[in-house]
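Architecture at a glance
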Amino acid sequence: MALEASCLPLPQSCSPVTEQSAARDSDALTSRFWEAAVERRLLVQQCADCGHYQFYPRPVCLACFSLNVRWVTAAGTGTVYSMTTVWIKVVAELEPPYTVAIVELDEGPRLTSNLISHDPRIGQRVRVAWREREGMPPLPIFEAVQ
Ligand SMILES: [Zn+2]
């Protein structure tokens, strides 16, 4: 019997990587991600049973509902799936204008992040970079590949 995704008990930590989520204390589901971030490694989850990649972290595979999900290091490369430029000050850490992008990693999962590019556009090839933060793990952002 297949479980429906809407019935799965997902902890509050299951949210995209943002300044707000990073500011929260990590938990058993996210601590490996942040430990790797300190080493400038971008982790995603991969199902050991069917090979499906996913991000943000979840306790089960979204493709086959296996509990056998593990962390693997992503290549850190991908493509801009969607983007927008923010022109007003929303958060203290970011001075506008800046670009918020949904990046589709080469492994498949999509991350909402910031994009560093002189010519930001959908379809642009990107690679992970890291924004340093005082007293917190670095945050994965993306920069255009020339
Ligand atoms: Zn699976």
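Above this text is the structure in question.
Small disclaimer: the values here were computed from a predicted structure and weren't measured.

Another aspect to go through is the overall build of the protein. Along its length, the protein carries two helices and eight strands. Counting from the amino terminus, the protein carries its helices and strands in the arrangement α-α-β-β-β-β-β-β-β-β. Taking the contacts inside the protein whose residues are at least 6 apart along the sequence as the reference set, 48% of them involve residues at least 24 apart.

On to unusual backbone geometry. A cis amide bond, omega 10°, links Phe55 with the succeeding residue Tyr56. Here Tyr56 lies in the loop between β2 (53–54) and β3 (69–73). Omega for the bond connecting Pro96 with Pro97 falls within 30 degrees of zero, at 0°, which places this linkage in the cis form. For Pro97, the location among the structural elements is in the loop between β4 (77–86) and β5 (98–105). For Arg40, which is not glycine, the phi dihedral falls at a positive 60°.

Bridge count between β4 and strand β7 (residues 125–133): three bridges; the pairing is antiparallel. Residue pairing across strands places Thr79 opposite Arg125, the latter belonging to β7. The pairing of β4 with β5 spans eight bridges and is antiparallel. Along β5, the bridge assignment pairs Met83 with Ala101.

Position of Phe33 among the secondary structure elements: in helix α2 (residues 31–38). We classify Phe33 as buried; it has 23 C-beta atoms within 10 Å. Expressed as a C-alpha distance, the spacing of Phe33 and Leu43, which sit 10 residues apart in the sequence, is 5.8 Å. Not counting residues within four places of it along the chain, the set of residues in contact with Phe33 comprises Leu43 and Pro57.

Calculation rules
- Residues numbered from 1 in each chain as written.
- Predicted model: local features only at pLDDT ≥ 70, side-chain atom pairs only at ≥ 80, totals over all residues.
- Helix = DSSP H or I, 4+ residues; strand = E, 2+ residues; numbered from the N terminus.
- Contact = placed C-beta atoms within 7 Å.
- Pairing = 2+ DSSP bridges.
- Buried ≥ 20, exposed ≤ 12 C-beta atoms within 10 Å, placed from the backbone.

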